[in-house]
Structures are given as structure tokens and as C-alpha cells.
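Results of the structural survey
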Amino acid sequence: VQLVESGGGLVPPGGSLRVSCAASGFTFNSYPMGWFRQAPGKEREFVAAISGRGGATVYATTVKGRFTISRDNAENTVFLQMNSLKPEDTAVYYCAADARWLNFISTAFRKDINYWGKGTLVTVSS
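Attention here is on the structure that accompanies the text. Predicted model only: the values in this text are computed from it and were never measured. Residue numbers here run from 1 along each chain, matching the order of that chain's written sequence. Under the rules for a predicted model, residues below a pLDDT of 70 receive no local features and side-chain atom pairs below 80 are neither given nor counted, while totals for whole chains, interfaces and linings still include all residues. Working from all heavy atoms in the structure, the side-chain values ignore hydrogens and water.

**Quick notes on the overall build of the protein**
The cut-off we apply is this: Helix and strand definitions follow DSSP, with helices as H or I runs of at least four residues and strands as E runs of at least two, each counted in order from the N terminus. The reference for a compact globule is 2.2 Å times residues^0.38; the radius of gyration itself is calculated from the C-alpha atoms. Partly exposed describes any residue whose relative accessible area lies between the buried limit of under 20% and the exposed limit of over 50%, with all areas from a 1.4 Å probe on protein chains only and scaled to the type maximum. Two residues form a contact once any of their heavy atoms are found within 4.5 Å. For every accessible area listed, the method is Shrake-Rupley and the probe measures 1.4 Å; residues are considered covered only by the protein chains on display. We count Lys and Arg on the positive side and Asp and Glu on the negative side, and we leave His and both chain ends out. By convention, charge coordinates are those of NZ in Lys, CZ in Arg, CG in Asp, or CD in Glu.
The helix and strand tally for the protein stands at one helix and eleven strands. When the helices and strands of the protein are listed from N to C terminus, the series reads β-β-β-β-β-β-β-β-β-α-β-β. For the protein, the C-alpha radius of gyration of 13 Å lies close to 14 Å, the compact-globule estimate for 126 residues. Here the C-alpha coordinates of the protein stretch approximately 40 × 30 × 25 Å along the principal axes. Out of the 126 residues belonging to the protein, those deemed buried represent 45%. Across the protein, every contact between residues at least 6 apart in sequence was considered, and the portion connecting residues at least 24 apart equals 57%. When the accessible surface of the protein is split by element, carbon and sulfur atoms take 48% of a total near 6,400 Å². Computing the positive centroid from 13 side-chain charges and the negative centroid from 9, the protein places the two 3 Å apart.

Right under this line is the structure:
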């Protein structure tokens, strides 16, 4: 299994950015996918998740209404569109994959998520 994030960079407050995650090594449309982030000096936190066929999504309250998760099962890629970015959104953003939807939607089971990318840095600053 390989997850490779891309698209991070420097963006001013109020700006937009889309990060991508290219997946390989598993049956992509059978796996829920998610995004997490880790800011300097903080623990990794959940951002968003999407079910295997894309019919269900869930978001952290801190990003709901600003971020949109989507997937292209033909291209084995998951996206995170980030709008109205704030300095507090600065973090390394990680892509994750796991066969169990519960592992994304339940705080108690997120530690059991099996597959992770290496992350892409998003910096929100003027």
C-alpha cells in the first residue's frame, strides 16, 4: 500500500488550496479514505473522511463548511479542497486509508487506521 500526498504549500489567510493523495496497492473504491493533520507541537487530529464510493463524508467541526473531501475512484485519488484558510490550519496534512469506516468516524478507533502517507506541509501565512 502506498499513499502519496501532494499539493501543499504557502497560502495567505483567506486563500484556498487543494491537496491530493494518490493511492496504490489496494482496491481503492473499497476503502474509506481520510485526511488528518498535525500542527507543530500538537497531536495529530482528524480533518475529514469519505466512504469508499464517496456517498458519505464526515468533517471535524473546525473545518466544516470550509473544507471539502472528495475522491476520484477512476484515478485512485482523494482530494481535500481547503477554502477560507486560517493561520491555525497550518500543519502537515496526512492521507489515510483503512477498510473500516468506523475507524474514521469514531474517535476511539482512529488509532487503528492501518495506512498512512508521509504528509504534505500546508502553511497559512501572510
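Once you've had a look at it, read on.
**Concerning the state of the cysteines**
In plain terms, the rule: By convention in this document, the label disulfide applies to cysteine sulfur atom pairs within 2.5 Å.
Summed over the entire model, instances satisfying the criterion amount to one disulfide. A disulfide bridge connects cysteine 21 with cysteine 95, and the sulfur atoms are separated by 2.1 Å. Linking cysteine 21 and cysteine 95, the disulfide has an S-S dihedral of approximately -80 degrees and is accordingly described as left-handed. Linking cysteine 21 in strand β3 (residues 17–24) with cysteine 95 in strand β9 (residues 91–97), this pair joins segments that are 74 residues apart in sequence. Residue class for cysteine 95 comes out buried when judged on its relative accessible area of 0%.

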